[in-house]
Amino acid sequence: MSKGRENMPENQDNDGAEGFRSGFIAVVGRPNVGKSTLINALAGRQIAITSSKPETTRKAIRAIVTTGSCQLVLVDTPGIHRPRTVLGQRLNDIVDESLADSDAVAFLLPADQEIGPGDRRILSRLRQQFSHKDSEGQWQWSKPVLGVITKIDRCTRDILIDKIMEIDQFGHFSQIVPVSALQSDNVDEVLGVFREAVPEGPQMYPESQVSEEPPEETIAELIRGTFLEELDDELPHSLAVVVDSVEYPETGEAEGDTAQEDGKAIVHVSIYVERDSQKPIIIGRKAQNLVKVKKKLRTPVNRLVGQKAALDLHVKVAKSWQSDPKKIQRLGFI
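Values in this document were obtained by computation on a predicted structure and should not be read as measured data.

Conventions and cut-offs
- Residues numbered from 1 in each chain as written.
- Predicted model: local features only at pLDDT ≥ 70, side-chain atom pairs only at ≥ 80, totals over all residues.
- Heavy atoms only, no water.
- Helix = DSSP H or I, 4+ residues; strand = E, 2+ residues; numbered from the N terminus.
- Buried < 20%, exposed > 50% of the residue type's maximum accessible area, 1.4 Å probe, protein only.
- Contact = heavy atoms within 4.5 Å.
- Areas by Shrake-Rupley, 256 points an atom, 1.4 Å probe, with all protein chains shown as cover.
- Salt bridge = Lys/Arg side-chain N within 4 Å of Asp/Glu carboxyl O.
- pLDDT = per-residue confidence, 0-100.
- Core = buried A, V, L, I, M, F, W, Y, C linked by side-chain atoms within 4.5 Å.
- Pairing = 2+ DSSP bridges.
- Axes fitted to C-alpha atoms, helices over the stretch in contact; angles between N-to-C directions.
- Phe/Tyr/Trp six-rings, centres within 6.5 Å; stacked < 30°, edge-to-face > 60°.

1. Overview of the overall build of the chain
Then, number 1: Assigned secondary structure in the chain consists of 11 helices and 11 strands.
Then, number 2: Expressed as a percentage of the 334 residues in the chain, the buried residues total 52%.
Then, number 3: Put simply, 72% of the contacts in the chain that link residues at least 6 apart link residues at least 24 apart.
Then, number 4: Accessible surface for the chain amounts to roughly 16,100 Å². Of this, 46% is attributable to carbon and sulfur atoms.

2. Regarding the pattern of salt bridges
Then, number 1: For the coordinates displayed, the defined rule picks out seven salt bridges.
Then, number 2: Of the charged contacts in the structure, one is a salt bridge between Arg224 and Glu221, with a shortest N-O distance of 3.2 Å. One end of the pair is Arg224 and the other is Glu221, both in helix α6 (residues 215-231) and three residues apart, which spans about a single turn. For the pair Arg224 and Glu221, a shared accessibility class is recorded, and that class is buried.
Then, number 3: With a shortest N-O distance of 3.6 Å, Lys319 and Asp276 are connected by a salt bridge. Taken as a pair, Lys319 in the loop between β11 (309-317) and α11 (325-330) and Asp276 in the loop between β10 (265-273) and α8 (279-283) lie far apart in primary sequence, 43 residues in all.

3. Topic: the confidence of the model for the chain
Then, number 1: Model confidence for the chain is summarised by a mean pLDDT of 83, while 79% of its residues fall at 70 or above.
Then, number 2: Here residues 252-256 is modelled with pLDDT under 50, and outside its nearest four sequence neighbours on either side it reaches five contacts, counting other chains as well.

4. A word on the nonpolar core
Then, number 1: One finds Ile25, Leu38, Leu42, Leu72, Leu74, Val148 and Phe194 to be the most contacted residues of the largest nonpolar core, which totals 29 residues.
Then, number 2: Those elements giving two or more residues to this core turn out to be β1 (21-28), α1 (35-43), β2 (61-66), β3 (70-76), β4 (104-110), β7 (145-150) and α5 (187-197).
Then, number 3: In terms of residues, this core owes the most to one element, α5, which gives six residues.
Then, number 4: When residues no more than four places from it in sequence are discounted, the contact partners of Leu42 are Val65, Leu74, Val187, Val190, Leu191 and Phe194.

5. Side note on the sheet that holds β4
Then, number 1: As summarised here, the arrangement of the six strands in space is β2-β3-β1-β4-β7-β8, forming an open sheet in which the pairing is mixed. The two strands at the open ends of the sheet, each matched to only one other strand, are β2 and β8 (175-178). The mean inter-strand angle of the sheet, taken between neighbouring strand axes irrespective of direction, is 25°.
Then, number 2: Alignment of β1 against β4, held across four bridges, turns out to be parallel. For Ile25, the partnering residue across the bridge sits in β4 and is Ala104.

6. Here's the deal with the packing of aromatic side chains
Then, number 1: Counted by the stated rule, this structure contains two aromatic pairs.
Then, number 2: Seen in terms of ring centroids, Phe107 and Phe170 are 6.4 Å apart; in terms of plane orientation they differ by 55°. Their pairing is tilted. Placement of the pair is Phe107 in strand β4 and Phe170 in helix α4 (residues 157-171), with a sequence separation of 63 residues. Exposure class is identical for Phe107 and Phe170. Each is buried.
Then, number 3: Each ring, one from Phe107 and one from Phe173, has its centre 5.7 Å from the other, and the planes form 85°; the classification is edge-to-face. Within this pair, whereas Phe107 is found in strand β4, its partner Phe173 is found in the loop between α4 and β8, the two being separated by 66 residues in sequence.

7. Describing the sheet that holds β11
Then, number 1: If you walk across this open sheet you meet the three strands as β9-β10-β11, and the pairing is mixed. Only two strands of the sheet have a single partner each, and these edge strands are β9 (240-247) and β11. Recorded for the sheet is a direction-independent mean angle of 20° between the axes of neighbouring strands.
Then, number 2: Relative to β11, β10 runs parallel, the two being bridged by nine bridges.

In structure tokens:
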């Protein structure tokens, strides 16, 4: 993470309140285990984009959950995987940074899937960083590492009981909690477990703040998430989205621009793919895909910009950007 507890502005509303807890929780797991879905359920709104496609999350998205007794910064990390590109290695580095700055770790394992090599690789990484064996050969965690069993709506009660026992033996976690974020089943219990895992401390952000991300990055993620939904298997995995600027009416200089004349802000967006042949997939016949995205995101973009806004979408090619460190940095993966 780029920011830790020591660099956070303290909000005085709960500064020193007895029993108030606050801290960072890194949410980890292999791709597509429900990290973003759980974070959105805990936040009560969409902060992180969700998709059935693996490796949807490409940045450490921070959702801020504030209640009367705690403030939790939930860090939605990219799925830990064996990297095949420079981008893949950068995503793993983001996870390492998030883990190092966290007060606790939530390790997500789905109830409807077997524990696999990816899960064992993550557990090994966590043990290297945050645990040791005691005199009796038992693993002891140096910070709370919580086992969260996701997607419990996909299995029976008996199977879930067996899964809890299996995961307990697998990880010897500080605590295990089952949840179905999609069905809002046991979400409050997860929140309670997370609260107890962080230390007592002051409120770090205003109660109204729900994310650490600037509006431009949130808009870029919403656009990418909408393309994931609309195009499904057709979508190139190399898609990247950058908001270049937001041009407000009072500062607009372009004459004859309809959006400016209507008093709307213009959000200038570049959508990157790696090959020329991928551009028509994103644009669609008669630009229908771009039109769908604009229509679907009209309300959330207006809300994020703070007034009526129009998306100005341009599809561009950044050849082999996933393997080019300079291009990766330019596209915001720093």
